[in-house]
Amino acid sequence: MAWMQILNNSRGIPVSNPYGFSRFFSNSSSFIVKVGIPEFLNGVGNGVETHVAKLESEIGDFQKLLVTRTLKLKKLGIPCKHRKLILKYSHKYRLGLWRPRAESMKA
């Protein structure tokens, strides 16, 4: 009987955020950044940002980078570890599981 009351009362609670996680991620808006090839590679880190000029000249568009295959990156002369990192994080980005952070504002 008590469970029925709890279930009936919980249905009437309005939810302002459809995901229900707003209080846990209240500071996430400060980390959203407009993503291009330089921001993406700087977010990946581990030395991958050294290839910014090469990728911008050859690929040009960030959306093209997200669907680039490993053979194309290999032909551009990018080392294996860096190719793996680029492909791993581009897959995560497409799924919405990762975004590069904005530069921290340390004054």
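What you see is a predicted model; the values in this text were computed from it and never measured. (Residues numbered from 1 in each chain as written. Predicted model: local features only at pLDDT ≥ 70, side-chain atom pairs only at ≥ 80, totals over all residues. Heavy atoms only, no water.)

Here we look at the packing of aromatic side chains
Working definition: an aromatic ring pair is given by the centre-to-centre distance plus the angle between the planes. Taken as a whole and assessed by the stated rule, the structure comprises five aromatic pairs. When the ring of Phe40 is compared with that of Trp98, the centres are 5.5 Å apart and the planes differ by 85°; the resulting orientation is edge-to-face. Of this pair, Phe40 sits in helix α2 (residues 37-44) while Trp98 is found in the segment after α6 (80-95), placing the two residues 58 residues apart along the sequence. When its relative accessible area of 0% is taken as the criterion, Phe40 is described as buried. Residues Phe62 and Tyr93 carry aromatic rings whose centres are separated by 5.2 Å and whose planes lie at 80° to one another, so their mutual orientation is edge-to-face. (Phe/Tyr/Trp six-rings, centres within 6.5 Å; stacked < 30°, edge-to-face > 60°. Helix = DSSP H or I, 4+ residues; strand = E, 2+ residues; numbered from the N terminus. Buried < 20%, exposed > 50% of the residue type's maximum accessible area, 1.4 Å probe, protein only.)

Thoughts on the nonpolar core
Core analysis: the largest hydrophobic core is formed by 20 residues, its most contacted members being Phe40, Leu41, Leu55, Phe62, Leu65 and Ile86. Of all the elements in the fold, those that place two or more residues in this core are α2, α3 (52-58), α4 (62-66) and α6. Aside from chain neighbours lying at most four places away, what touches Leu41 is Val48, Glu49, His51, Val52, Leu55 and Ile86. (Core = buried A, V, L, I, M, F, W, Y, C linked by side-chain atoms within 4.5 Å. Contact = heavy atoms within 4.5 Å.)

Brief notes about the side chain of Arg83
Within the fold, Arg83 resides in helix α6. Lacking a salt bridge, the buried Arg83 has Glu58 as its closest oppositely charged neighbour, with an N-O distance of 15 Å. Of the polar contacts made by the side chain of Arg83, one reaches the backbone oxygen of Ile78; its length is 2.7 Å. Apart from residues lying up to four places away in sequence, Arg83 is in contact with Thr70, Leu73, Lys74 and Ile78. (Lys, Arg positive; Asp, Glu negative; His and termini not counted. Salt bridge = Lys/Arg side-chain N within 4 Å of Asp/Glu carboxyl O. Polar contact = N/O pair within 3.5 Å; in protein donor to acceptor, adjacent residues only side chain to side chain.)

Some thoughts on α2
Every buried residue of α2 is accounted for by Ile37, Phe40, Leu41 and Val44. Down the axis of α2, the sector holding all buried residues measures 90°, keeping them to one side. Following α2 by one or two positions, Gly45 adopts a phi angle in the positive range, close to 75°. (Arc of directions from axis to C-beta.)

Topic: the environment of Gly77
Within the secondary structure layout, Gly77 lies in the loop between α5 (70-75) and α6. Taking the C-alpha atoms as reference points, Gly77 and Lys54, separated by 23 residues in sequence, lie 9.2 Å from one another.

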